[in-house]
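# Tertiary structure, described
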Amino acid sequence: MTWRSPLAVVRDALSGQRAREKDLRNLVSNLPYEGLDRAKQPNRYFPGNAIKTTKYTVLLFIPMNLFEQFHRLANIYFVGLAILNFVPVVNAFQPEVALIPICVILSLTALKDAWEDFRRYQSDRKLNNTPCFIYSRREKQFMERRWKDVRVGDFVKVVCNEIVPADLLLLHTSDPASVCHIETANLDGETNLKQRRVVPSLCISDPELEPESFNSIVVCEKPDDNLNHFKCYVEKPDKEKVGAGIESLLLRGCTVRNTDHAVGFVVYAGHETKSMLNNHGPRYKRSKLERRLNTDVIFCVILLFVMCLVGAVGHFVWLQSLPSVPPYLVPHSAGLLDSPGLSGFYMFFTLIILLQVLIPISLYVSIELVKIGQIFFITNDIDLYDEETDSSMQCKALNITEDLGQIEYIFSDKTGTLTENKMVFRRCSIMGTEYPHKENAIRLTVLDEHESEEEVIFNQRPLPPRAGWTLDPEDTNPERKQHQPGSQRKSKVSGNAQRDAAFSSPLETEVIPDRKLLQQISGAECGGWQIDPYLDFFLALAICNTVVVSMATAQRQRVNWLSHSSQRNTPLDTLSNLVKRAGSFRHIFTSWQHTPKQSRTLSEDSVIEEDHFNPPVKTEGAGDTNGLQTCSLQTPSQCDKPAATSNKLSYEAESPDEAALVYAAKAYGFTLLARTHDSVTVRLPSGQDLEFEVLDTLAFDSNRKRMSILVRHPITRECVLYTKGADYAIMELLGTPYAEHFSGSQKNIASDTQHHLDCYAKEGLRTLCITKKVVCDEAYESWSVNRQRALAAMENREELIMETAVQLETNLSLLGATGVEDRLQESVPDTIVALREAGIQVWVLTGDKPETAVNIGYACRLLEEEDLVINMSCNNKRTCTSILDCTLEEVRRYNEDPRNVDTTPDISLVIDGRTLTMALASDLQDRFVDLAKRCRSVLCCRVTPLQKSWVVKVVREKLKVMTLAVGDGANDVNMIQAADIGIGISGQEGMQAVMASDFAISHFKHLKRLLLVHGHWCHTRLANMIIYFFYKNVAYVNLLFWYQFFCGFSGTAMIDYWLMIFFNLFFTSVPPIMFGIMDKDVSAEMLMGVPELYRTGQGAGEYTFSTFWVSILDAFYQSLVCFFVPYLAYQDSDIDVFTFGTPLNTISLFTILLHLSIEIKAWTLVHWVIMLGSVALYFIVTLAYSAICVTCNPPSNPYWILQSQMADPMFYLICIITTVVALLPRYMFHVLRNSISPSPLMQARHLDRLVPSSRDQWIKEWRTFRGGGHVKRSGLSTPTSPTLDTPVDIYPQSPTASDIT
Amino acid sequence: MVKQEKEFVNRPDNTAFTQQRLPAWQPMLSAGIIIPGFVLIGLAFIGIGVALFVTSQSIQVLEVDYTGVEQSSPCFKCSDPDVKNCVCKMEFNIDSLFKGPVFFYYGLSNYFQNYRGYGVSKDPNQLSGDLDSFKVPSDSCAPYEYVGKTPIVPCGSVANSMFNDSFKLYQIVSGAKIQVTLDGKGIAWWTDYNVKYRNPSVTPLKNAFNGTVKPTFWSKPAYELDPTDPANNGFINQDFLVWMRRAALPNFRKLYRRITEGDYAKGLPAGNYSLEIAYNYPVLSFDGRKKNEFLGIAYLVIGSMCVVMSIVMLIVYAKFKFPEEE
């Protein structure tokens, strides 16, 4: 290190600052500068890759931590008081003693901070020392270095399964297609693989990268925290610019998968990487209870001021009334006394110090501890644990647990929240013909029945091959059913074993083809490529998506699937494939592990089934003279090449819909084999592999509501655009019906399809339209130029890209539509009914069509058959206003009519997104909210994520209610953040919702227990604890206050100050904390059984204005008793100050602890230990202190006082009577209230004491008595859904509604 | 199956504690259950109350006010602060025998020994015999810390204001005065005398006080407080100890002597007595007072209340009992 002048250092620092702040950064390779001084390094201004997330350093810990802590108002108050105590004229105690509480609290917090920081330091050090490969010019190869050595401008090699150390611009991969798969689970929790590709046309001496030859300049933008956005271009030496985006960026923290190695150029390092910029600290929310608490703390401050003022004035008056200077008035050193006025003024401050405990500083610390305990219990609840995903409840927000007990409105997403978001392909309509897939429906019914079975059977015995599926509907024979439990369980287990592969349960991956459709396809297969819409339909299903193909077995391992596929197939693989193709879905995970002998038998049967499957293809294919390609591909030799791989394929889709469609296509033989950035390989039913050149992918966005893929057909060489999307987004883009091209029939496919779509929606299916468009080459060329320009644009790139997409997606030809079922999650109807009984309004906000939403609404009992459903859908504001007014009027009339009290059906509102926007406009907002308030349930359809959060905000602010939003997807993030409590469901759609949420659960049904049990408990516990805390402080401090009336308002404490501090810090601090964590007013079973109990917490809940003041008044009463009973007893005696204070302190302890005992509802062993322990601690500490402290702590002289008191029977007599008198009113109040008008909670507690069987009986009776008219329990079976032109007898043994529930 | 095991790493422990299922006692506060308890407590309290009341009744108290506010009082002449070394005599009569041991208290009213500034004004180290504190008393003693530059021992306001009236009690038997022996031993706390307050271990004690002055208000230095008993001097003088234990309330009494020895050990017989008071302490206001029966009455009242309460409870219980309690 050479010496540099300070000026140079400053100049350097300034230019570094400038370089970092610039909007665009020019980065060059470090290699030419290797070994040079730091000053000569081109990228020296950008931070290195070493990270430091610690807040403190060893040396500066104390000052920095203190500075942090003094940001809290409470601490400042405390320190202010301590400082005040150092002012001699006002001090109340020895100044040093006054520092104890603040020191204890500060040092406890500092210890906690230090520990956390140390943990951060350790993890930083571990990360910084992780090995990685950096290219070294000297060694001419990649050398192993540490993460912290990585600098911007380096070339870093990442091998498979390694974590990317910094944000890398991908320059080279081992993959021939120049792609690299990464898993971003570390960043966003999404487990599906994502493809990244090498910056195009930047060939640096392929196949081996030579970093030294890299002499381009990488121009990128300033780092930001958007994980899905990155813009840069690479300027080559010849000034050619190549654009690159997020698709070429490997983010720090991602894991490289399925790619042997990849090399990238470091663009951002260390704290500038996107993952680090995304590392925000935990969010801080303030609970409703805490907000109320703060107002009450202000009341306490006012109370304190009043009391101090009384003391100051009292002191003034007392001094004034003294006839002369008595011997006990101590003058100044100068021998003079202060004037009464000045003394009174000083006394005010002295009393603030003396009575400071009135402001419950320790309350905040206690609340934090209580919440930690509550969260411990919530996260440890085994009933909130999901075995399937091995995930327990997560609490992300640490300080709003009690809000769970006060929820009044729940806003729920539909997909993935109420439903499983496990998409199951159910029906499709092609060219206006409906294919109901009855066989598949039967399969699902059967699967359902067994999924609900609890017992675990590990049936290792291979299944008889006959159990496979055949096309005969009669095959639903008993023999097959008999074996299903075992196989079902087994496949489920295997599904668990490879959970990493998303969406891979047999429920979703297997589709049994529709027989009629199967025949159609096989008929069409030899009919030529250009004209058959059936083939096009399935090709579209297989191609038009972003599904990434990976090998089920090779996945997450260092294996390149391309090399793997070229291996010779083992007979076992072929077998399993054959079995698979025969549709025997139950064997996939097991069959190829069988012993050879069993395999042989399997193969024979499978071949037979294969034949069963294929015959029409063969016969028709043979007779077809035109289908040259098809027939030539039909040769058996073609079959062996690939057959193996297909069953090991695993599809990783960003949305489960896509996966469902790909699996559906696969069931019909259109197997998606591989996808790279510029090609898609599909195997046809005939066994032929077609490789489509992908010209472009127009990704899905929520504005267009569709995605397209532009491919070049390998045979016809046509440019074909396949588009799939929401029906309303597609239908208006349709051109001339496709059918007209090849058939003379003029049937209106669009209207037929629309009819089918409507029926699908009524059935609760999610619909998608599939279209095709042939783009002529000229049109493509001209469009392509625009597209390239848009892609390279630095400004408005997103808008331009979308524009180009819209340009191309016109004049589409409709191929057909699909209906995908999103199954309701387990116990959703139950949960919704329970939540509603708990007095919570449930709103469902969904992006689906109203028909779908309403249907799901009925299925999950959000809507009931007898409900009055108001459907609001209008196109302009005027109609919207009038509809709103009319409905409101009607609803009001309904509600006000006394005859309708019992008979009116509940009103439900269904509103669509467009109308919602109008209704939420500022002038209609009030009316809408008023209407919604009167509705039993509200369904908002076709809403955007922004609207969701808007609805939540409006309801929350207008109605001043506690809201909870629950969702699972990225589209719910806004809503989750807008609500008082956001709950994320860790489901199928990534983790964004969970990341943004306050609590994360794995199923919607857990909401019931979370709110009804934990919410209620947390709320009552904390509310009672806080009230008790206020009471405790007031009751204790007032003892000192009353004494002021007998000591000339001079600020004397009759209790030793150490004991006073200990009283709050040790003797009475643990019981309330335990009370706040562990008290259990009503059992969980009772709370779950009688959801109405939840209503007690809503609104103000347990912590109201009156409860607060009642407890304060009680505190005043008790302190009066605790002071004046001993006062009267010791009046005129020779008792001295601290001997008088000792019984007071003891009485106070007993009163305060026994008061808590009255409040404690359930005494466990822990309660006994802590309560008795507190009493024992008091006596042990006080006795020890009184024995040791001979001259310490003047002016008090505690020596031997408690001992002498305890030798005096008077002491006990006084303690007993005072405690009894102090607690009698509260006790009597409780007893009388419980006896005369017991609260619902009290009644529940009574029932709790009964034996479980008679308790259940009581719950039942109680329910019928209380809410019998309201809660309709009769219709437990879901209402039958409108079925689509399928006679009921099609489903032989299944309940008709099975496809919904 | 190993994999299966591994998969449940996040499963919470299924223990009674973590699942909040610990066996618990759930007391129900309702009328029916608490009646017996109330009756019992009530009766016990009445019993205690009666006992206490009887005991307090048997205590005989006689008070003599010698403040001298009224002109008729023999001590009126002494109430003028300018009069020094004033002695006055109070005559009184005992109707019946005062059973021994008889305790002799002096009482002060509206005297705020509990005044905060007053209580602070002492040096505990000095009082425990620390010679360093003799030379440099604690600042808390100010302004009774130094006279000029000479330290005051014992310093501080509490010591300075020590009660210094002295009493002699005579029984007048047919005109003759028989002095009643007053016992000044053991009137202070044992711990104060033996542990807390210590004289410096210098003999004679007087030498320890070299270079110090007595409190301004005192007539004698600390080492000469009791000329009759050398063990009752310095900081362990019983009267000093009694005074230093500051009274909790503004109206208080402090033990002066006990009558335990001699002819009067069994008590003071009925008759006429004369109290000779060396009136030094300037006290002005005064209030009459009674003997303390409070505790006994309190127990009686609360005990009866409990009994009444249990009757109320019985009514409540009869009217509003829970059905399942039947």
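Residues numbered from 1 in each chain as written. Chains lettered and ligands numbered in written order. Predicted model: local features only at pLDDT ≥ 70, side-chain atom pairs only at ≥ 80, totals over all residues. Heavy atoms only, no water.

### Structural notes on the interface of chain B and chain A
For interface size, the figure often reported is the accessible area lost on association. Contact with chain B, which involves 83 residues of that partner, is made by 98 residues of chain A. Summing the contributions of chain B and of chain A, the shared interface buries around 8000 Å²; its carbon and sulfur component is 64%. When the buried area of chain B at its contact with chain A is split by residue, Gln20(B), Leu29(B) and Arg116(B) rank highest and sum to 10% of it. Seen at the junction of chain B and chain A, the total is two salt bridges. Residue Arg245(B) is joined to Asp1136(A) by a salt bridge in which the shortest nitrogen-to-oxygen separation is 3.1 Å. Counting across the chain B and chain A interface gives 19 residue pairs in polar contact (both at pLDDT 80 or more). Among the elements of the structure, α1 (2–7), α2 (31–58), α3 (116–120), α4 (124–127), α7 (190–196), β8 (252–259) and α10 (294–320) of chain B are those that each provide at least two residues to the side of chain B that touches chain A. Sort the elements by how many residues they give to the side of chain B that touches chain A and α10(B) lands first, with ten residues. (Contact = heavy atoms within 4.5 Å. Buried area = accessible area lost by both parts, 1.4 Å probe. Salt bridge = Lys/Arg side-chain N within 4 Å of Asp/Glu carboxyl O. Polar contact = N/O pair within 3.5 Å; in protein donor to acceptor, adjacent residues only side chain to side chain. Helix = DSSP H or I, 4+ residues; strand = E, 2+ residues; numbered from the N terminus.)

### Notes on the UniProt feature "domain: P-type ATPase C-terminal" (unreviewed entry) in chain A
Per the UniProt record, "domain: P-type ATPase C-terminal" (unreviewed entry) is annotated on residues 994–1238 of chain A. Strand forms 1% of residues 994–1238 of chain A and helix 71%; the C-alpha atoms that close the span are 41 Å apart. (UniProt positions renumbered as here; feature names shortened; annotations may be inferred.)

### What about the pattern of salt bridges?
Residues and elements named next belong to chain A. In this structure the tally under the stated criterion is 38 salt bridges over all chains. A salt bridge links Glu 821 to Arg 426, with the nearest nitrogen and oxygen atoms 2.6 Å apart. Pair noted here: Glu 821 is in strand β26 (residues 813–824) and Arg 426 is in strand β16 (residues 419–430), with a separation of 395 residues, a long-range link. For the pair formed by Glu 821 and Arg 426, the shared burial category is buried. Lys 1005 serves as the salt-bridge partner of Glu 826, at 3.4 Å between the closest nitrogen and oxygen. On the criterion of sequence distance, the pair formed by Glu 826 in the loop between β26 and α26 (828–837) and Lys 1005 in the loop between β33 (999–1001) and α35 (1006–1044) is long-range, its members being 179 residues apart. Classification of Glu 826 by relative accessible area gives exposed; the value is 54%. On the basis of relative accessible area, Lys 1005 is assigned to the partly exposed category, the value being 24%. Here the salt bridges do not stand alone but share partners, grouping Arg 892, Asp 930, Lys 933 and Arg 934 into one network. (Buried < 20%, exposed > 50% of the residue type's maximum accessible area, 1.4 Å probe, protein only.)

### Describing the packing of aromatic side chains
This structure, assessed with the given rule, holds 90 aromatic pairs over all chains. Aromatic side chains Tyr651(A) and Tyr663(A) sit 5.1 Å apart centroid to centroid with 65° between the ring planes, which places their arrangement in the edge-to-face category. Within this pair, whereas Tyr651(A) is found in strand β19 (residues 649–652), its partner Tyr663(A) is found in helix α21 (residues 656–667), the two being separated by twelve residues in sequence. Cation over ring: Lys177(B) sits above Tyr170(B), and NZ or CZ is 4.9 Å from the ring centre. (Phe/Tyr/Trp six-rings, centres within 6.5 Å; stacked < 30°, edge-to-face > 60°. Lys NZ or Arg CZ within 6 Å of the ring centre and 35° of its normal.)

### Details of the nonpolar core
Residues and elements named next belong to chain A. Of all hydrophobic cores here, the largest spans 129 residues; its most connected members are Phe 1030, Met 1054, Phe 1123 and Phe 1140. The residues touching Phe 1030, leaving out its near neighbours within four places in the chain, are Leu 293, Asp 296, Val 297, Cys 300, Pro 360, Leu 363, Tyr 1103, Phe 1108 and Ile 1112. Core analysis: the next-biggest nonpolar cluster, separate from the first, contains 71 residues, Val 547, Leu 673, Leu 710 and Leu 812 among them. (Core = buried A, V, L, I, M, F, W, Y, C linked by side-chain atoms within 4.5 Å.)

### A few points about the confidence of the model for chain A
Looking at chain A, pLDDT values average 77 and 80% of them are 70 or higher. Contacts of residues 738–746 of chain A to residues separated by more than four positions or lying in other chains number 13 contacts, the stretch itself having pLDDT below 50. (pLDDT = per-residue confidence, 0-100.)

### Here we look at a nonpolar patch on the surface
All names here are of chain A. Residues Ile 298, Ile 302, Val 306, Val 310 and Phe 1045 make up a contiguous nonpolar surface patch of roughly 420 Å² in combined accessible area. By secondary structure assignment, the location of Val 310 is in helix α7 (residues 288–321). According to the relative accessible area criterion, Val 310 is partly exposed, its value standing at 34%. (Patch = residues over 30% accessible without salt bridge, like charges linked within 9 Å, V, L, I, M, F, W, Y side chains within 5 Å. Areas by Shrake-Rupley, 256 points an atom, 1.4 Å probe, with all protein chains shown as cover.)

### Some details on unusual backbone geometry
The residue after Val153(B), namely Pro154(B), is reached through a cis peptide bond having omega -10°. Tracing the sequence through the fold places Pro154(B) in the loop between β5 (150–151) and α6 (157–160). The amide bond that connects Thr203(B) to the next residue, Pro204(B), takes the cis arrangement and shows omega of -10°. Relative to the assigned elements, Pro204(B) resides in the loop between α7 and α8 (205–208). Residues other than glycine seldom take positive phi values, yet Met431(A) does so here, at roughly 50°. Within the secondary structure, Met431(A) sits in the loop between β16 and β17 (433–435). A relative accessible area of 6% means that Met431(A) is categorised as buried. Positive phi is not limited to glycine here, since Arg861(A) has a value of about 65°.

### Remarks on the pairing of strand β31 (residues 963–967) of chain A
All names here are of chain A. Taken across its five residues, β31 has five buried, putting it largely inside the fold. The alternating pattern of β31 places Thr 963, Ala 965 and Gly 967 and Leu 964 and Val 966 on opposite faces, both of which are buried. Two elements, strand β15 (residues 409–413) and β31, share four bridges in a ladder whose sense is parallel. By the bridge assignment for β31, Tyr 409 is matched with Thr 963. Relative to strand β32 (residues 981–985), β31 runs parallel, the two sharing four bridges. Bridge assignment links Gly 967 to a residue of β32, and that residue is Gly 984. Crossover handedness for the path β31 to helix α33 (residues 973–978) to β32: right-handed. (Pairing = 2+ DSSP bridges. Right-handed = clockwise from strand over helix to strand, strands pointing away.)

### Comments concerning the sheet that holds strand β12 (residues 255–257) of chain A
All names here are of chain A. Reading across the sheet, the three strands line up as β7-β6-β12 and stay open at both edges, with antiparallel pairing between neighbours. Strands with a single pairing partner mark the edges of an open sheet, and in this sheet they are β7 (193–197) and β12. Averaged over all neighbouring strand pairs, the angle between strand axes comes to 45°, with direction disregarded. In this sheet, β7 lies alongside strand β6 (residues 179–183) in antiparallel orientation, the contact comprising five bridges. Opposite Ile 182, over in β7, you have Lys 194 as the bridge partner. (Axes fitted to C-alpha atoms, helices over the stretch in contact; angles between N-to-C directions.)

### Section: the UniProt feature "transmembrane region" (unreviewed entry) in chain B
Listed under "transmembrane region" (unreviewed entry) in the UniProt record, and renumbered for this structure, are residues 33–54 and 294–318 of chain B. End C-alpha to end C-alpha, residues 33–54 of chain B measures 33 Å, and it is 100% helix and 0% strand.

### What to know about the sheet that holds β15(A)
Residue and element names in this part refer to chain A. Read from one edge to the other, the open sheet built from nine strands follows the order β14-β33-β32-β31-β15-β27-β30-β29-β28, with strand pairing classed as mixed. Two strands in the sheet have a free side with no partner beyond their single neighbour: β14 (394–395) and β28 (868–872). Across the sheet, helix α31 (residues 925–934) touches β15, β27 (841–845), β28, β29 (907–912) and β30 (937–941), and the angle it forms with β27 is around 120°.

### Some details on the state of the cysteines
All names here are of chain B. What the rule picks out here adds up to three disulfides over all chains. Each sulfur in the disulfide pair Cys 78 and Cys 86 lies 1.6 Å from the other. Its S-S torsion of about -55° marks the bond between Cys 78 and Cys 86 as left-handed, since a negative value means left-handed. Put simply, Cys 141 and Cys 155 are joined by a disulfide, and their sulfur atoms are 1.9 Å apart. Here the residue Cys 141 occupies a position in the loop between α5 (131–135) and β4 (146–147), and Cys 155 occupies one in the loop between β5 and α6, the gap between them amounting to 14 residues. Cys 155 shares its class with Cys 141; the two are buried. Ordinal numbering of bonded cysteines along chain B defines a disulfide pattern of 1-4, 2-3, 5-6. (Disulfide = S-S within 2.5 Å.)

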